[in-house]
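# Notes for the structure review
The lines below spell out each chain.
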Protein chains: 2
Amino acid sequence: MEKARWQTHRVTIKDIARAANVDPSTVTRALQGSERVKTATREKIASLAAEMGYVPDMAARTLVNRRSGLIGVVIPDMTNPFFAEFGRGIEDEAAKHDLRILIIDTRGVEAAEREAVKLFLELKVDGVVVPMARGPQEYYDGLNDAIPLVHVNREEAKHRVNCDTVHGSILVMQHLLELGHRRIGFVRGPAPPGREPKMFAYRQALDEAGIHYDPELIFTFDGTLESTELIAEQVLALDERPTAIFGHNDVSAAGLIHALRDHKLSVPQDISVAGHDDIQLSGCIDPPLTTVAWPMYELGQQSVRYLYSLGQGKKPRAPKVPLPRLIVRESTGGPKAARKS
Amino acid sequence: MEKARWQTHRVTIKDIARAANVDPSTVTRALQGSERVKTATREKIASLAAEMGYVPDMAARTLVNRRSGLIGVVIPDMTNPFFAEFGRGIEDEAAKHDLRILIIDTRGVEAAEREAVKLFLELKVDGVVVPMARGPQEYYDGLNDAIPLVHVNREEAKHRVNCDTVHGSILVMQHLLELGHRRIGFVRGPAPPGREPKMFAYRQALDEAGIHYDPELIFTFDGTLESTELIAEQVLALDERPTAIFGHNDVSAAGLIHALRDHKLSVPQDISVAGHDDIQLSGCIDPPLTTVAWPMYELGQQSVRYLYSLGQGKKPRAPKVPLPRLIVRESTGGPKAARKS
DNA sequence: GAGAAAAATACAAACGTTTGTATTTTCAGC
DNA sequence: GCTGAAAATACAAACGTTTGTATTTTTCTC
């Protein structure tokens, strides 16, 4: 008996019914605030429920309602502050529709992503939001008639809320080009191959500026800070170094700046570094980072709003979200300074 | 009909039973891999289930099993990388026991914390982990016989996994004292009043060093970077400035360093700043931050292990976890330099 | 105060599983 | 081919809600 105190017995609707001397169905309706039950009874039941410590059983409820009132969010990396605002947007919008949200962090592992979606499926969530999904599109397409599923930033998805990644990256490139840089490096992130809008923007901007694309200037960030060390070394080893680098995100840019400094290169005097995401700390590192801010809050909101329309059986139009904004701070400057030193 | 494609009809065990021409109970047992059903039947059912796209209904399952196989985690701030490792520990350990985990981020809002716990209760999760809870202990005590609930770092909780916060903070203070600092500031965090082990350690270290406690040197970080600006101004306004500051966490320390620099104070020459948490970027900011690292992974593991023992009806001993470690980097130095400038 | 309409409540089936028990089938051994 | 045990399967109740329908109670009208 001491063994498992919490399994004793949860108060159910039946218990309340017995205590109030009514039928369970009356209790349900009373708790729902239905007009069909007399005010006096309703109040009696409400207070009884409170005092007996009644906790509704979602399992039973979900079973008969055939929906859980939950929406699932699959986040690739909850550490990345980039997603914090996104989460806020989701939650605020979900609250409006009486939905509760559940988050699973996949750490960018595709298997975990599938596991997460599977769990949500079993939980009969009302919808799933998958920002920056790693898994192949075919997988998600197969799910489309099992559950409403909206992607964030995946061009080819059936249901999606997109932010113009290419536009944001072009802004960075234009900024660097306007500063006079001609030799610009690019740091790729751990994206699925063939789905690299930043890379696309990078090349397009170079093309338009009439600059030849040099594969030597492409580096890869694998999500760890160690890999930024490597990138620094690769940069150093180059015969002709880039005068500016566009980093996959702020974490990689920060790591890179730090690593470059260890090798006695200063930013932006010797080399400019721009990031992407505008995380909380990016204004705080030294030098403060030039970067791109995304309307993450709106993206979160729109995802849920989209999901909700889907649930209502509406056929929502792809929502309009604001464009990314360039934030110029101090980690980028003209290339001339570099030649001076 | 186009209206809500995903609500058409989920494949149930009954459907499989019909297709395989057996009873639903046989399907259940087959899917469980029970020896009680003939191998041939078992295989037929398995392949049938796969091909029909059967997804178990957790609601129904939870209803009869009276447990969900889920464990809930209530995180105060998923942005804080501090919790990333914690999450990994939780997940790895949960996987060992065939438990799935659900995370809710409360953003430090107490109401959200309660909402989260309530949702978990309704979901009939097998256990809840609440690291660094904000809510009052009485609230959680009331839940103790409804569900296994383990706290991380809450001295007074019935079930807890603790890391010696005081020890870690003492390490920082000793480090600063050994460097020769006598006038040391302290930045409080958004903790519930009366539960401030870091503050406790701060005062104790001062006492032991025979240094008088000066309330002027206590500042408050509210979680936003803006408040670090304020702190910097307060420091500047002081007649007699501290030569070192022990910050509530790395984010506040990073913000403070940045703000101090804006006011032409350099770190550590003019003032030393130490943080707490050892987040990913703390080695990356300039100067790299002296801080305290916690064994977050182990804390996560132990939480689940503890929960699991509780679920087994065992009476687990409070688990031993490693002590926090001081990480000395470059944001702290001797106070002499300060007088030079 | 009888009857009808309206209000309040009770009944019963269903949601998709699981599990203890009962029933049928299989297959030795003779 | 009969018996009996063992193996395989079927039956039925239960988990805690919800909801359409049926029933009872109240209230009003004349």
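Scroll up to find the structure.
Described below are features of the structure shown in this document. (Residues numbered from 1 in each chain as written. Chains lettered and ligands numbered in written order. Predicted model: local features only at pLDDT ≥ 70, side-chain atom pairs only at ≥ 80, totals over all residues. Heavy atoms only, no water.)

## Examining the overall build of chain A
- Scanning chain A from terminus to terminus reveals 13 helices and eleven strands.
- A compact globule built from 341 residues would reach a C-alpha radius of gyration of about 20 Å, whereas chain A, at 26 Å, exceeds it by more than 25%.
- Taking all 341 residues of chain A together, the buried fraction comes to 56%.
- With the model as given, the accessible surface of chain A reaches about 15,600 Å², and the carbon-plus-sulfur share is 50%. (Helix = DSSP H or I, 4+ residues; strand = E, 2+ residues; numbered from the N terminus. Rg over C-alpha atoms; globule rule 2.2 N^0.38 Å. Buried < 20%, exposed > 50% of the residue type's maximum accessible area, 1.4 Å probe, protein only. Areas by Shrake-Rupley, 256 points an atom, 1.4 Å probe, with all protein chains shown as cover.)

## Observations concerning the interface of chain A and chain B
- Of the residues lining the interface, 59 residues belong to chain A; the matching set on chain B comes to 59 residues.
- Where chain A packs against chain B, one counts ten salt bridges.
- Its salt-bridge partner being B:Arg107, residue A:Glu91 comes within 3.0 Å of it at the nearest N-O pair.
- At the boundary of chain A and chain B, one finds 14 residue pairs in polar contact (both at pLDDT 80 or more).
- Put simply, the parts of the chain that give the side of chain A that touches chain B at least two residues each are α4 (58-65), α5 (82-96), β2 (100-105), α6 (110-122), α11 (250-262) and α12 (296-311) of chain A.
- The biggest single contributor to the side of chain A that touches chain B is β2(A), with six residues.
- A class-by-class count of the residues in the side of chain A that touches chain B yields 31 nonpolar, 13 polar and 15 charged. (Contact = heavy atoms within 4.5 Å. Salt bridge = Lys/Arg side-chain N within 4 Å of Asp/Glu carboxyl O. Polar contact = N/O pair within 3.5 Å; in protein donor to acceptor, adjacent residues only side chain to side chain. Nonpolar A, V, L, I, M, F, W, Y, C, P; charged D, E, K, R; others polar.)

## Looking at the protein's contact with DNA strand D
- Close to DNA strand D lie 28 residues; A:Ile13, A:Thr28, A:Arg29, A:Arg36 and B:Asp23 are nearest.
- Each atom of DNA strand D within 4 Å of the protein was assigned to sugar, phosphate or base; sugar and phosphate come to 61%.
- A:Arg61 places a side-chain nitrogen or oxygen 3.0 Å from a phosphate oxygen of DNA strand D.
- Taken together, the elements giving at least two residues each to the surface near DNA strand D come down to α1 (13-20), α2 (24-32) and α4 of chain A together with α2 (24-32) and α4 (58-65) of chain B.
- In the surface near DNA strand D, the residues fall into nine nonpolar, nine polar and ten charged. (Near = heavy atom within 4 Å.)

## Details of the sheet that holds strand β7 (residues 218-220) of chain B
Residues and elements named next belong to chain B.
- Spatial ordering of the open sheet is given by β7-β6-β8-β9, a layout of four strands whose pairing is parallel. In this open sheet, the two edge strands, each paired with only one partner strand, are β7 and β9 (272-274). For this sheet, the mean angle separating the axes of adjacent strands, direction not counted, is 20 degrees.
- Helix α9 (residues 197-208) rests against β6 (184-188) and β7 of the sheet, and its axis sits at about 165 degrees to β6. (Pairing = 2+ DSSP bridges. Axes fitted to C-alpha atoms, helices over the stretch in contact; angles between N-to-C directions.)

## Thoughts on the packing of α1(A) against helix α3 (residues 39-52) of chain A
All names here are of chain A.
- Axis separation between α1 and α3 bottoms out at 10 Å; the angle between their running directions is 125 degrees. Judged by the angle between their axes, α1 and α3 are oblique. For α1 against α3, the interelement crossing comes out right-handed. The segment α1 lies against α3, with Asp-15, Ile-16, Ala-19 and Ala-20 engaging Lys-44, Ile-45, Leu-48, Ala-49 and Met-52.
- For the contact of α1 with α3, the residue count by class is seven nonpolar, no polar and two charged. (Parallel < 35°, antiparallel > 145°, perpendicular 65-115°, else oblique. Left-handed = near helix turned anticlockwise from the far one by under 90°.)

## Notes on the protein's contact with DNA strand C
- In the vicinity of DNA strand C there are 28 residues, among which A:Asp23, B:Ile13, B:Thr28, B:Arg29 and B:Arg36 approach most closely.
- Of all atoms in DNA strand C that approach within 4 Å of the protein, 61% are sugar or phosphate atoms.
- Here a phosphate oxygen of DNA strand C and a backbone polar atom of A:Asp23 are 2.6 Å apart.
- Taking A:Val64, its main chain carries an N or O atom lying 3.5 Å from a base oxygen of DNA strand C.
- For the surface near DNA strand C, the secondary structure elements donating two or more residues are α2 and α4 of chain A together with α1 (13-20), α2 and α4 of chain B.
- Residues belonging to the surface near DNA strand C are distributed by class as follows: nine nonpolar, nine polar and ten charged.

## Quick word on the sheet that holds strand β8 (residues 244-246) of chain A
Residues and elements named next belong to chain A.
- Taken in spatial order, the four strands make up an open sheet running β7-β6-β8-β9, and their pairing is parallel. At either margin of the open sheet sits one strand with a lone partner, and together these are β7 (218-220) and β9 (272-274). When the angles between neighbouring strand axes are averaged without regard to direction, this sheet yields 20 degrees.
- Looking at chain direction, β8 and β9 are connected through three bridges and run parallel. Bridge assignment links Ile-245 to a residue of β9, and that residue is Val-273.
- Most of the contacts of helix α9 (residues 197-208) go to strand β6 (residues 184-188), to which it runs at about 165 degrees, and overall it touches β6 and β7.

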